Amino acid sequence: MNDMSQQTQLFTTKLGITYAEFFDGIRPAIQRVSVTVEGSGPDAVLELKQADTDETLRWHAVDLRLVPDQARDDDFIFANGDDNPARLIIRDYDALKEIFTAIPHVRAVRGHSSFPRLMAMMGGAMIAFAAILFGLIPFMADRGAEMIPPTAEAQMGASVFEQIYPAMGAYECTDPAGQAALDRMEARLTRDLDLPYPITARVVTEPSINATALPGGHVTFHLGLIEVAESPEEVAAVFAHEIGHVAHPDGTRAVLRSMGSFGVIGLVYGDFLGASAMAAVSQQLLNSSYSRAAEERADAYAQDLLVASGISPAALTVFFERLQNSGDVAELGIFQHFSTHPELADRIAASAAAVGPAVAGPPILTAEEWAALQNICQENATPTASTQPGFTPSAAPSKG
Amino acid sequence: MSVLNTEFEGSRGDLFQLAMKTGFLTVLTLGFYRFWQTTRFRRWYWSSVRPGGTPFEYTGTGQEKFIGFLAAVILLALFLAFFNAAVMFVAIRSSDGSLDVLSSGVALTPIALVPILFAARYRARRYILARTRWRGIRFGMSSGAWGYAWRACLWTALGFLSLGLLWPIRTFRLEKYLTDHTWFGDARFTQFGRAGQLYGPFLPFLVTLWGSIAMMIYGVAYGDFQQVGTSATGAPMYQPTGVTWPFLAIYPATLFLFLFGVYYRVASFRVMAAMKILGDGVEFDIHPRTRTLVWINILGSILTFIATGVVAGIVIGVALGLAGLLDVFGSDAALAPANIGVGIALFGFAAITVYVFHHVFRQIFITFPMVRHVVSTLEVHEPSLLANVRQRDRDGMNDAGGFAEALGAGAAF
């Protein structure tokens, strides 16, 4: 900076005047203006005098705005109100000091923002999104479940079975006596039922305590559940619950719902088609929230079915309490619902007590049949070369 | 002939502060602040870019961006729900209901989203330009998102089907469509030139691609495959003998494909920028170097990886420490629902924190140096011809880029 401009600057500062770049918001031309501050506080006025035309603009302190988040902190960009595109760029330190001494609080430019409106939009969007997830998609899946022909449902169940169990390393148990016992249990429970398709009951070599009702009447018990049960009535209680899913058809609905909600959750995370872990976790939560109502329905169904079949529904409660006390994790749908609704066990116990011994028909399985069911997977036990040379764990499961 | 050179005035330290501050707010609000964060990043970057010493200004707001996103999520969720249901019903009607048919039906969903994705990117670009000003004058784009979407689908398909032969035509046509719809005030940009000019920069990529394909065909045709066993699922496994070099040469070929691909992107950008004219004859020149950009990416990725690793270590340590303090993994009531809840909350919070820091480091080590390099090579020729330009009206653009955001196609900032 040479002496001349230093002198000029000194001179202008003393008078409270500086030259600045001005853009009128109409043309992209740089206009030179001289800036004077008049007064101070809220009544202060910035006077912009155009060098070429001698025209004067007056910007009032109340309308004065600063453009925020600037990359440089040695020049400031001022605006006149939130909507006016005109801009004033001041780079001179002393002039800035002058302005900020006279007008200490200059607000940042901001758009038309309103917190209540934001909250209202957010609430509205959440309601709409929930309506789509929990209203529209289940509704359409239910219509789909009604339309789908029973044979197609059975076919779908078979292909889901072959997709999930071999992937878990679990295979169908094929002991004929055990299967016969399971079929007998099925016959007793479904005696008076009018299901759209026959139940296909199977046990698989999976150690977890669980059972599933896949589409089309494919009821599958995990071996862990058969082994941990202490009486055939306990298995029958779970069976009745799964038949409840079949009657409704919850399996088909679940498959169609997860297809119907494909990609929807991912939108919230802004992740293309929900490939992220967050979206996957949320999808899981969504699926379980879909199933909660189904579990409640299946429990009510099981209770009635057990009573109708001459089995005390108390078996359900007994089984649940024993698993809970032993510390086994109850991942079973039926018990998930139990653990969140402890009063349910009391209700079932109460209804069992009320019906009393009147329900008790003949035992559901004989001792021999029960033993056979518990050993249904013995042929699938870890093979040794001498007993089962031809056993191949990778063979596709087939109907035994 | 007068020229306006472009300065990039932002400093990395300031950006780091801004990124950390907005990053923490994003964590604390479980991600909701990200719309305001993006807006503040844009304001900062725009203000650092100064052709002829005058900064750009970004005038978008976080609130409009958030509301636009909410609206886009609802509309897209409705579209997906109805599309999935339609596919489901058709699959049920026309098949035996086997799962394979149903799942391949659902696989149509991503394909159905492709045109929407292109349209969303057009609208996101239109929104950004509508909120960009230079010398007080607004940029803008005229409507044409669906016109862009079908052209992009058509040319992308042709580009793939021709094994890349038509790709430069795709690049040129789409860039011309975008440029010819872009305005500064009441002055329109025009893309001149021909697609043929892009074949030069594309040649290295095309030759490498076709060479690799021919090499693989030769390898498969003349190789001698011998079965060396079966995999766990029972499928036979083969080992090539005889002609094996194509299967080794494919590794360096892939690296060259990547490098030549980047070169093409940078070079085609350079060529097309030099053939754009604004209004009465304002011309541009921009000459980023492929080598510099590749180095920024390699070095930046390494630095981001290291920095994120350090932060992840600290965050996971803190989370585990807190879990220990709160006795989440307590011996007896090991998996009580309350403890599971606390555990999930801690894990989720740790994951979001690491994600946000990753984002911050990418800004600092990759996005910032890339933007700085590219924009500081921008020259505006004959700026005096801007004198006739006049302001344009404000463009509402209420979706505010929300569709691109919901589809995960948002930009780095």
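You'll find the structure just up there.
Throughout what follows, the structure given in this document is the object of discussion.

Thresholds, definitions, all that
- Residues numbered from 1 in each chain as written.
- Chains lettered and ligands numbered in written order.
- Predicted model: local features only at pLDDT ≥ 70, side-chain atom pairs only at ≥ 80, totals over all residues.
- Heavy atoms only, no water.
- Buried < 20%, exposed > 50% of the residue type's maximum accessible area, 1.4 Å probe, protein only.
- Helix = DSSP H or I, 4+ residues; strand = E, 2+ residues; numbered from the N terminus.
- Pairing = 2+ DSSP bridges.
- Core = buried A, V, L, I, M, F, W, Y, C linked by side-chain atoms within 4.5 Å.
- Contact = heavy atoms within 4.5 Å.
- Buried area = accessible area lost by both parts, 1.4 Å probe.
- Salt bridge = Lys/Arg side-chain N within 4 Å of Asp/Glu carboxyl O.
- Axes fitted to C-alpha atoms, helices over the stretch in contact; angles between N-to-C directions.
- Disulfide = S-S within 2.5 Å.
- Arc of directions from axis to C-beta.
- Patch = residues over 30% accessible without salt bridge, like charges linked within 9 Å, V, L, I, M, F, W, Y side chains within 5 Å.
- Areas by Shrake-Rupley, 256 points an atom, 1.4 Å probe, with all protein chains shown as cover.
- Phe/Tyr/Trp six-rings, centres within 6.5 Å; stacked < 30°, edge-to-face > 60°.
- Lys NZ or Arg CZ within 6 Å of the ring centre and 35° of its normal.

## Observations concerning the pairing of strand 2 (residues 31-38) of chain A
All names here are of chain A.
Then comes step 1: Of all eight residues in strand 2, six are buried, a share of seventy percent or more.
Then comes step 2: Pairing of strand 2 with strand 3 (residues 45-50), which is carried by six bridges, proceeds in the antiparallel orientation. Note on strand 3: the bridge partner recorded for Glu38 is Val45.

## Quick look at the nonpolar core
Nonpolar side chains in soluble globular proteins tend to be buried together.
Then comes step 1: Grouped together as the largest cluster of nonpolar side chains are 68 residues, with contacts concentrated most on Phe8, Trp44, Tyr45, Tyr148, Phe184 and Leu278 of chain B.
Then comes step 2: With twelve residues, helix 11 (residues 337-375) of chain B is the largest single contributor of residues to this core.
Then comes step 3: Filtering out sequence-adjacent residues up to four positions away, Tyr45 of chain B remains in contact with Phe8, Leu15, Gln363, Thr367, Phe368, Val371 and Phe413 of chain B.
Then comes step 4: Listed in part, the 41 residues of the second largest apolar core include Leu182, Trp370, Leu373 and Cys377 of chain A.

## Here we look at the interface of chain A and chain B
Then comes step 1: With 64 residues of chain A at the contact, the number on the chain B side is 65 residues.
Then comes step 2: Area buried by chain A at its contact with chain B is led by Pro28, Asp69 and Leu267 of chain A, which between them contribute 14% of it.
Then comes step 3: Remark: the boundary between chain A and chain B carries five salt bridges.
Then comes step 4: One salt bridge in this structure joins Arg50 of chain B and Asp75 of chain A, with 2.8 Å as the shortest N-O distance.

## Section: the sheet that holds strand 10 (residues 211-214) of chain A
All names here are of chain A.
Then comes step 1: Read across the open sheet, the three strands follow the order 9-11-10; overall the sheet is mixed. The open sheet has two edge strands with one neighbour each: strand 9 (200-204) and strand 10. The sheet shows a mean angle of 20 degrees between the axes of neighbouring strands, direction not considered.
Then comes step 2: Looking at chain direction, strand 10 and strand 11 (residues 218-222) are connected through four bridges and run antiparallel. Across the sheet, Thr212 pairs through a bridge with Thr220, a residue of strand 11.
Then comes step 3: This element, helix 4 (residues 150-168), spans strand 9, strand 10 and strand 11 of the sheet and lies at about 20 degrees to strand 11.

## A word on the state of the cysteines
Residues and elements named next belong to chain A.
Then comes step 1: Tallying each qualifying case throughout the model produces one disulfide over all chains.
Then comes step 2: One disulfide bridge connects Cys173 with Cys377, the sulfur atoms lying 1.8 Å from each other. Across the S-S bond linking Cys173 and Cys377, the dihedral sits near 80 degrees, which makes this disulfide right-handed. Pair noted here: Cys173 is in the loop between helix 4 and helix 5 (176-190) and Cys377 is in the segment after helix 14 (367-374), with a separation of 204 residues, a long-range link.

## What about helix 14 of chain A?
Residue and element names in this part refer to chain A.
Then comes step 1: When helix 14 is considered as a whole, its buried residues turn out to be Glu369, Trp370, Ala372 and Leu373. All buried residues of helix 14 fall inside an arc of 160 degrees around its axis, so they share one side. Those residues of helix 14 that are exposed and aimed more than 90 degrees away from the buried face are Ala367 and Glu368.
Then comes step 2: Elements that come into contact with the buried residues of helix 14 comprise helix 5, helix 6 (223-228) and helix 7 (232-247).

## Re a nonpolar patch on the surface
Residues and elements named next belong to chain B.
Then comes step 1: Taken together, the side chains of Trp295, Ile298, Ile302, Phe305, Ile306, Val310, Ile314, Val318, Leu322, Leu325, Leu326 and Val342 present a nonpolar region at the surface, about 1200 Å² in accessible area.
Then comes step 2: Ranked by the residues each element gives to the nonpolar patch, the list is headed by helix 10 (residues 290-325), at ten residues.
Then comes step 3: For Leu325, a relative accessible area of 72% translates into the label exposed.

## Section: the packing of aromatic side chains
Then comes step 1: Within this structure, the stated rule accounts for 31 aromatic pairs over all chains.
Then comes step 2: Residues Phe161 of chain A and Tyr165 of chain A carry aromatic rings whose centres are separated by 5.0 Å and whose planes lie at 50 degrees to one another, so their mutual orientation is tilted. Of this pair, Phe161 of chain A and Tyr165 of chain A both sit in helix 4, separated by four residues, roughly a single helical turn.
Then comes step 3: For Tyr165 of chain A, a relative accessible area of 1% translates into the label buried.
Then comes step 4: Plain terms: the ring middles of Phe139 of chain B and Phe184 of chain B are 4.8 Å apart, the flat faces sit at 50 degrees to each other, and that makes the pair tilted. In this pair, Phe139 of chain B sits in strand 5 (residues 137-141) while Phe184 of chain B sits in strand 6 (residues 182-184), placing the two residues 45 residues apart along the sequence.
Then comes step 5: When its relative accessible area of 1% is taken as the criterion, Phe184 of chain B is described as buried.
Then comes step 6: The rings of Phe32, Tyr33, Phe35, Trp36, Phe66 and Phe69 of chain B are connected pair by pair, giving a single aromatic cluster.
Then comes step 7: A cation over a ring is seen here: Arg143 of chain A above Phe139 of chain A, with NZ or CZ 4.5 Å from the ring centre.

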